[in-house]
Amino acid sequence: MHTQPGLSEGVAYELAVVCAGEGTAGIAFGPAAQGAKSVPCDGSVVFDRFTAERSLRLDVRGNAGSAGVIAWRIDRLRPSAA
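Residues numbered from 1 in each chain as written. Predicted model: local features only at pLDDT ≥ 70, side-chain atom pairs only at ≥ 80, totals over all residues. Heavy atoms only, no water.

Draft legend 1. View of the state of the cysteines. According to the stated counting rule, one finds one disulfide in the structure shown. One disulfide in the model links Cys19 with Cys41; its S-S distance is 2.0 Å. Sign of the S-S torsion, about 75° for the bond between Cys19 and Cys41, identifies this disulfide as right-handed. Placement of the pair is Cys19 in strand β2 (residues 12-30) and Cys41 in strand β3 (residues 37-51), with a sequence separation of 22 residues. One exposure class covers both Cys19 and Cys41, and it is buried. (Disulfide = S-S within 2.5 Å. Helix = DSSP H or I, 4+ residues; strand = E, 2+ residues; numbered from the N terminus. Buried < 20%, exposed > 50% of the residue type's maximum accessible area, 1.4 Å probe, protein only.)

Here it is, written out as structure tokens:
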């Protein structure tokens, strides 16, 4: 899966990814979608917070021998009260 979600530059977001099945999946996001993070396909949710840049690409790939389904969601984080 590959996508380029339209996000507001400089705004904080949280990415949540879950994989259900067998094996692991790799997820990479950023301007060039570099540095894949491993996501186990055991139904657990993996979170990552980031600040959006001008262009964001999200790539998800099943690793060799893996089978299952992936779901992801990006939530805009509210600014903290000072």
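Draft legend 2. Fine view of the environment of Pro5. Its place among the elements puts Pro5 in the loop between β1 (2-3) and β2. If we skip the residues at most four places from it in the chain, Pro5 touches Leu56 and Ile74. (Contact = heavy atoms within 4.5 Å.)

Draft legend 3. Region of the structure containing the environment of Arg73. Among the structural elements, Arg73 can be located in strand β5 (residues 67-76). Under the relative-accessibility criterion, Arg73 is labelled partly exposed at 48%. A C-alpha to C-alpha distance of 9.7 Å links Arg73 and Phe47, two positions 26 residues apart in sequence. Apart from the residues within four sequence positions on either side, Arg73 is in contact with Glu14, Leu15 and Ala16. Of note is the side chain of Arg73, whose polar atom sits 2.9 Å from the side chain of Asp75. (Polar contact = N/O pair within 3.5 Å; in protein donor to acceptor, adjacent residues only side chain to side chain.)

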